[in-house]
Amino acid sequence: GELPQPVEGSLALGFGEHVHPRFHTKTLQSGLLIEAPAGVPIAAVADGKVVFCDYYQSYGPMVILDHGGGWFTLYSHLQGLMVQKGQVLKTGETLGYVGQTVDGPRLGFEIRFRTKAEDPNRWLKRRYK
C-alpha cells in the first residue's frame, strides 16, 4: 500500500467477517473502524471529488470521495459535515473530524472499487493494528 492513514489511531474493528461476542451473530465489516480521539481531523487519503456528503443510516455523517477509475473512499461517523458535494480535495486535506459512536469515538473508513469493498489496510503505507 501507498496511501497515508486518514487519521492517527488504532484498529477497533477490522475488515471482514466477525462474530458478535455476546449475541454470536455474524456481521460483515466492509471497512475499518478506527479508534481515535473525538474531534481529531480526518484527511483525504488521495485526491478526489466529494460525491456524497450527508447523514446515512447508522453511519451518521458520511463523506464519499470519487478518485476516478472506479475507486472510492468512504469516511463515516464524522462529527458533522464540513465539505460539500462537488468539492475537490487534495491528499491530506481535512474532510471532517472524528465523531462519536455508541462504542466511543471512531472513524469508519472504506475503500471500494466500484461497489466491491476492499480491505483498507492493504492499501495503507502504515497499517492499523
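Residues numbered from 1 in each chain as written. Predicted model: local features only at pLDDT ≥ 70, side-chain atom pairs only at ≥ 80, totals over all residues. Heavy atoms only, no water.

A. Representation of the layout of surface pockets within the structure. Put simply, the largest pocket is a space of about 640 Å³. Together, 25 residues line the largest pocket, and Leu13, Gln29, Leu33, His77 and Asp103 are the ones closest to its centre. Secondary structure elements with two or more residues in the lining of the largest pocket: β1 (10-13), β2 (16-19), β3 (26-29), β4 (32-35), β8 (71-76) and β12 (104-113). Looking at which element gives the most residues to the lining of the largest pocket, the answer is β12, with four residues. (1 Å grid on protein atoms, 1.4 Å probe; cavity = no way out; pocket = protein on both sides within 12 Å on 5 of 7 lines; lining within 4 Å. Points joined across faces, edges and corners; volume = space filled by probe spheres on them. Helix = DSSP H or I, 4+ residues; strand = E, 2+ residues; numbered from the N terminus.)

B. Broad picture of the packing of aromatic side chains. The tally for this structure, following the rule as stated, stands at five aromatic pairs. Ring geometry for phenylalanine 52 versus tyrosine 56: centroids 6.1 Å apart, planes at 90 degrees, classification edge-to-face. The exposure class assigned to tyrosine 56 is partly exposed, which follows from its relative accessible area of 34%. Ring geometry for tyrosine 75 against phenylalanine 109: centres 5.4 Å apart, planes inclined by 45 degrees, an arrangement best described as tilted. Linking tyrosine 75 in strand β8 with phenylalanine 109 in strand β12, this pair joins segments that are 34 residues apart in sequence. (Phe/Tyr/Trp six-rings, centres within 6.5 Å; stacked < 30°, edge-to-face > 60°. Buried < 20%, exposed > 50% of the residue type's maximum accessible area, 1.4 Å probe, protein only.)

C. Highlighting the pattern of salt bridges. According to the stated counting rule, one finds five salt bridges in the structure shown. Residue arginine 122 pairs with glutamate 118 through a salt bridge whose shortest N-O separation is 3.5 Å. For arginine 122, a relative accessible area of 48% puts it in the partly exposed group. With relative accessibility at 10%, the residue glutamate 118 sits in the buried group. What emerges from the salt-bridge pattern is a single network uniting Lys116, Glu118 and Arg122. (Salt bridge = Lys/Arg side-chain N within 4 Å of Asp/Glu carboxyl O.)

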